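Coordinates in review
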Amino acid sequence: MLKVEQQQPVEFSSALKEKFDEIISRYPKGKHKSALLPMLHEVQAELGWLSPDAMDKVAAYLDIQNIEVYEVASFYSMYFLKPQGKYVLEVCRTGPCCLVGAEKLMNHIEQNLGVKEGEVTPDGLFSWRGVECLAACGYGPVLQIGPEYTFYENLNEQKVDELIQDLRKK
């Protein structure tokens, strides 16, 4: 079931609406629904996550049903349906990474940050989650850090601690 958390009503900036129009113009007339994924990326980049109100406004902009947006947003793991930290640590949790310590690394991140998977640290800087394959099976454990999606391989607890400290200094 789709579970989302609501915040304040959303108003898209004029710059974001201009970007929507540019994205929609890339597709043939009558195929504007094809703009949905890149539009959701733009909304998430501006707001940090996809609230129900934001998704409803995207649906209205595209003149499609709200459920069509919810289906897409809940299907793809790159869309966040609740607020995230400024930095999202995504640890590969598939077999090859788990064999070389990904689960231990996730436990360490939970202890280091003091929040469970999907939660946000009190300072709003961090959240973390396990994700499916990050395509570096020979270099695990690996993680990527959004919003820039920088990628790190051959990790251990010390390296993760250094990454977190570096992010805190930014």
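Residues numbered from 1 in each chain as written. Predicted model: local features only at pLDDT ≥ 70, side-chain atom pairs only at ≥ 80, totals over all residues. Heavy atoms only, no water.

Moving on to the overall build of the chain. Scanning the chain from terminus to terminus reveals 7 helices and 4 strands. In the chain, the succession of α and β elements from N to C terminus is α-α-α-α-β-α-α-β-β-β-α. Taking the principal axes of its C-alpha atoms as reference, the chain extends roughly 50 × 35 × 30 Å. Considering the chain as a whole, with its 170 residues, one finds that 42% of them fall into the buried category. For the chain, the exposed area adds up to about 9,600 Å²; of that, 52% sits on carbon and sulfur atoms. The centroid of the 18 positive side-chain charges in the chain is displaced by 1 Å from the centroid of its 25 negative side-chain charges. (Helix = DSSP H or I, 4+ residues; strand = E, 2+ residues; numbered from the N terminus. Buried < 20%, exposed > 50% of the residue type's maximum accessible area, 1.4 Å probe, protein only. Areas by Shrake-Rupley, 256 points an atom, 1.4 Å probe, with all protein chains shown as cover. Lys, Arg positive; Asp, Glu negative; His and termini not counted. Charge placed at Lys NZ, Arg CZ, Asp CG, Glu CD.)

This paragraph deals with the pattern of salt bridges. Scanning the model with the defined rule gives 9 salt bridges in all. Where E90 meets R129, a salt bridge forms, and the shortest distance between an N and an O atom there is 2.6 Å. Separated by 39 residues along the polypeptide, E90 in strand 1 (residues 87–92) and R129 in strand 2 (residues 126–131) bring together distant segments of the chain. Of the two residues, E90 and R129, both sit in the buried class. For D123, the salt bridge is made with R168, and the minimal N-O distance between the two is 3.5 Å. Taken as a pair, D123 in the loop between helix 6 (102–113) and strand 2 and R168 in helix 7 (residues 157–169) lie far apart in primary sequence, 45 residues in all. Classification of D123 as partly exposed rests on a relative accessible area of 45%. (Salt bridge = Lys/Arg side-chain N within 4 Å of Asp/Glu carboxyl O.)

A separate point is a nonpolar patch on the surface. Judged by side-chain polarity, L37, F75, Y76 and M78 come together as a nonpolar surface patch covering roughly 360 Å² of accessible area. With respect to the helices and strands, the residue Y76 is situated in the loop between helix 4 (66–75) and strand 1. Since its relative accessible area comes to 31%, Y76 is described here as partly exposed. (Patch = residues over 30% accessible without salt bridge, like charges linked within 9 Å, V, L, I, M, F, W, Y side chains within 5 Å.)

To continue, consider the nonpolar core. Nonpolar side chains tend toward joint burial in soluble globular proteins. If you look at the biggest cluster of nonpolar residues, it comprises 25 residues, and the most contacted ones within it are L89, I109 and F126. Mapped onto this core, the elements with two or more residues apiece are strand 1, helix 6, strand 2, strand 3 (143–146) and helix 7. For this core, the element with the highest residue contribution is helix 6, accounting for 5 residues. With sequence-adjacent residues up to four places away left out, I109 is seen in contact with L89, V91, G114, W128, L143 and V160. (Core = buried A, V, L, I, M, F, W, Y, C linked by side-chain atoms within 4.5 Å. Contact = heavy atoms within 4.5 Å.)

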